[in-house]
Amino acid sequence: MTASSESSLSPAVDPLNGHDVRRDFPVLDQQINGNRLAFLDSAASAQRPRPVLEAIAAYEERDHANVHRGVHTLSHRATEAYESARKKVRRFVNAASEREIVFTRGTTEAINLVAATLSQSWTSGDEIIVTELEHHANIVPWQMLADQHGFRLRVLPINNRGELLVEQLPDLINDRTRLLCLAHVSNALGTINPVTECVAMARARNVRTLIDGAQAVPHMPVDVRAVDCDFYAFSGHKMYGPTGIGVLYGRESLMQSLPPWQGGGDMILTVSFSGTTFNELPYRFEAGTPNIAGAIGLGAAIDYLESIGMANVATRESALLKYATDKLTELPGLRLIGTAANKTSVLSFTVEGTHPHDLGTILDHQGVAIRTGHHCAMPVMEHFNIAGTARASLGIYNTTDDIDQLYKGLTKALEMLR
Amino acid sequence: MTDSADSLKALYQSIVLEHSRSPHNTGRLEEPSTSATGHNPLCGDKITVFVQADGDSLTALKFEATACAICTASASIMTETVDNRSRGAASETIRRTLDAFEHQRNLDDLPGDMAAFAEVCRYPSRVKCATLPWQTLHVALNENTTTTTTE
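Now for a description of the structure that goes with this document. (Residues numbered from 1 in each chain as written. Chains lettered and ligands numbered in written order. Predicted model: local features only at pLDDT ≥ 70, side-chain atom pairs only at ≥ 80, totals over all residues. Heavy atoms only, no water.)

Quick notes on the packing of aromatic side chains
Any aromatic ring pair is given by two values, namely how distant the centres are and how the planes are angled relative to each other.
Residues and elements named next belong to chain A.
So, step 1. Summed over the entire model, instances satisfying the criterion amount to eight aromatic pairs over all chains.
So, step 2. Arranged with centres 4.6 Å apart and planes meeting at 75 degrees, the rings of Phe25 and Tyr397 form a pair that is edge-to-face. Within this pair, whereas Phe25 is found in the loop between α1 (4-7) and β1 (31-32), its partner Tyr397 is found in the loop between β17 (389-393) and α14 (400-417), the two being separated by 372 residues in sequence. Across the pair, exposure class does not vary: Phe25 and Tyr397 are buried alike.
So, step 3. Ring centres of Tyr82 and Phe103 lie 5.2 Å apart, and the angle between their planes is 45 degrees; on these two criteria the pair is classed as tilted. Residue Tyr82 is found in helix α3 (residues 73-93), and its partner Phe103 is found in strand β4 (residues 101-104); the two are separated by 21 residues along the sequence. The same class applies to Tyr82 and to Phe103, which are both buried. (Phe/Tyr/Trp six-rings, centres within 6.5 Å; stacked < 30°, edge-to-face > 60°. Helix = DSSP H or I, 4+ residues; strand = E, 2+ residues; numbered from the N terminus. Buried < 20%, exposed > 50% of the residue type's maximum accessible area, 1.4 Å probe, protein only.)

Describing the side chain of Thr209 of chain A
So, step 1. Looking at the secondary structure, you find Thr209 of chain A in strand β8 (residues 208-212).
So, step 2. Beyond its immediate sequence surroundings of up to four residues, Thr209 of chain A is in contact with Leu179, Leu180, Val199, Ala202, Asp228, Cys229, Asp230 and Phe231 of chain A. (Contact = heavy atoms within 4.5 Å.)

A short note on the interface of chain B and chain A
So, step 1. Taken residue by residue, the interface counts 21 residues in chain B and 14 residues in chain A.
So, step 2. When chain B packs against chain A, the two sides together hide about 1500 Å² of surface, and 58% of this comes from carbon and sulfur.
So, step 3. Our enumeration of links across chain B and chain A arrives at one salt bridge.
So, step 4. The residue Arg126 of chain B makes a salt bridge to Asp358 of chain A at a minimum N-O spacing of 2.8 Å.
So, step 5. The interface formed by chain B and chain A includes 12 residue pairs in polar contact (both at pLDDT 80 or more).
So, step 6. Counting residues per element, the ones that place at least two in the side of chain B that touches chain A are α1 (3-11), α2 (14-21) and α3 (69-82) of chain B.
So, step 7. Sort the elements by how many residues they give to the side of chain B that touches chain A and α1 of chain B lands first, with four residues. (Buried area = accessible area lost by both parts, 1.4 Å probe. Salt bridge = Lys/Arg side-chain N within 4 Å of Asp/Glu carboxyl O. Polar contact = N/O pair within 3.5 Å; in protein donor to acceptor, adjacent residues only side chain to side chain.)

A closer look at the sheet that holds strand β6 (residues 152-156) of chain A
All names here are of chain A.
So, step 1. Strand order in the open sheet formed by seven strands is β4-β10-β9-β8-β7-β5-β6, with mixed pairing between adjacent strands. The open sheet has two edge strands with one neighbour each: β4 and β6. Sheet twist, expressed as the average angle between the axes of neighbouring strands with direction ignored, equals 20 degrees.
So, step 2. Strand contacts of helix α7 (residues 195-204): β7 (177-183) and β8, with the helix running at about 180 degrees to β7, the strand carrying the most contacts. (Pairing = 2+ DSSP bridges. Axes fitted to C-alpha atoms, helices over the stretch in contact; angles between N-to-C directions.)

Quick word on the pattern of salt bridges
Residue and element names in this part refer to chain A.
So, step 1. A complete count under the given rule lists 30 salt bridges over all chains for this structure.
So, step 2. Put simply, Asp63 and Arg77 hold a salt bridge, and the shortest N to O gap is 3.0 Å. Note that Asp63 is positioned in helix α2 (residues 50-63) and Arg77 in helix α3, a separation of 14 residues in sequence.
So, step 3. The class of Asp63 is buried, set by a relative accessible area of 13%.
So, step 4. Here Glu127 ties to Arg154 by a salt bridge, and the two come within 3.3 Å at their closest N and O atoms. Pair noted here: Glu127 is in strand β5 (residues 127-131) and Arg154 is in strand β6, with a separation of 27 residues, a long-range link.
So, step 5. With relative accessibility at 6%, the residue Glu127 sits in the buried group.
So, step 6. Within this structure, Arg203, Arg208, Asp228, Asp230 and Arg251 form a network of salt bridges that share partners.

Re the packing of α2 of chain A against helix α10 (residues 292-308) of chain A
Residues and elements named next belong to chain A.
So, step 1. Look at α2 against α10: their axes get within 8 Å of each other, and the N-to-C directions meet at 145 degrees. Two packed elements cross with a definite hand, and for α2 against α10 that hand is right-handed. Where α2 approaches α10, its residues Pro51, Val52, Ala55, Ile56, Tyr59 and Glu60 are matched on the opposing element by Ile292, Ala293, Ile296, Gly297, Ala300, Ala301 and Tyr304.
So, step 2. Looking at side-chain class alone, the contact of α2 with α10 contains 11 nonpolar, one polar and one charged residues. (Left-handed = near helix turned anticlockwise from the far one by under 90°. Nonpolar A, V, L, I, M, F, W, Y, C, P; charged D, E, K, R; others polar.)

Considering the pairing of β5 of chain A
All names here are of chain A.
So, step 1. Within β5, five of the five residues are buried, which leaves the element mostly enclosed by the surrounding structure.
So, step 2. A two-sided burial pattern is seen for β5, the buried positions comprising Glu127, Ile129 and Thr131 on one face and Ile128 and Val130 on the other.
So, step 3. Pairing between β5 and β6: five bridges, direction parallel. Along β6, the bridge assignment pairs Ile129 with Arg154.
So, step 4. For the crossover from β5 across helix α5 (residues 140-149) to β6, the handedness is right-handed. (Right-handed = clockwise from strand over helix to strand, strands pointing away.)

As far as function goes, none of this settles anything; it's purely spatial.
Given below as structure tokens:
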């Protein structure tokens, strides 16, 4: 890339002061169908910077062994690296203790862990609140649970800008409400939900809270103690780390009271056929050999993000979102889906007379990678009475060059399709 | 022009775009002999195919779709290709068409205007867009009213 990619955000709104982030991501240095790659699909999965790739390679090449088991040097190194990643995660989201940080396969597994354990003390007729803008990962586990045990799912609706009708939340809570499940940021709309406010409403009525933070953690500073939620789940691969690794933060006092989830090695203290005693937090919830390289890669992604500064990430992406919103809405027939006042990093849209799938194919021919479809949020599509959207989502490596390329690609697509 | 641009022009060639902009035989049949609905869970597309049969002969075909250009055009062309055929001939045409897309062979022999879709085989994520109407018609002819998916 030339220097122009970085200078394309004016210095006034670019807090990175000339750090060419794009150059840190080897995958972006390629041509797609003869065009510069404009990767605008980070909400599906973000790319990895070189330090993440190097940390994984260094571990695999030098330090791999199983963790928490051996007395030999490699096992010590692997354990040290794995636990050091946990410390980084704790610091990154400001949890009180590493005992509150459980490594999972991702956000989905973290939510399923809570669903399987927290619900064991519930009884038929108890209620779970989800919102209309949740990702399927924060709907389906609760639906399955409700079907199985006779729980009731209640839904907090959104308005036509894609904002939660928070004022309706108190009316949804009653003495059978056990849990509020809420995305921090909507993956389909980009809405930033007022999680702290919602959690306060729930806690005032003794309702537990779970926040799906998959789309928040890569884009803004997150402080789980400030939010004051009971659980906060997120994924490595949305925040420039590897796939197959994620995190469940759980308030320690609550986590101590939960029954174990999956059984196996590492989650026990002693096993005999007369009975088993379970390990302490967080290991009680990490049965089997974990994704060690994944955790190390996630730790490296956190180091990388912290070297830039999450406040800087938020400022920069907010400026780029504004640029992109202004630019795209110039296109005749383009309708933005999701126009919340408080929004981040996602531009979901439809274009009159075209289908998102066709737009996606034609954009790909011009090197522009976007996602098309329902974005695993079919209730959101239903709300807006559409089958799907085209979604451009931003990451720290995106610049106005990417948005300009998207705009040009859309213009060409409309010429072809209309 | 680059190969890529040529390929895109071949995918969205004029006959495909004409059928997608003004699809033929859209709408419902009031009392169809059979019908089926197909979904593509990947993109949320949905198509319902209605069939009127008189004895062994398919006398009318209609469809309703919320779908992309490729799927809509394929459905439009399908209704024209299969209309007025016997059930046996229609089933053979469906089999041949789905086989051609699935195995990427005999694409030159695709029936009627379906030949315009040969290029879609270069787009693995889009093949299902072209085949969904045909799979749905297959289900309609072989089972009672039901729902199918591309997965």
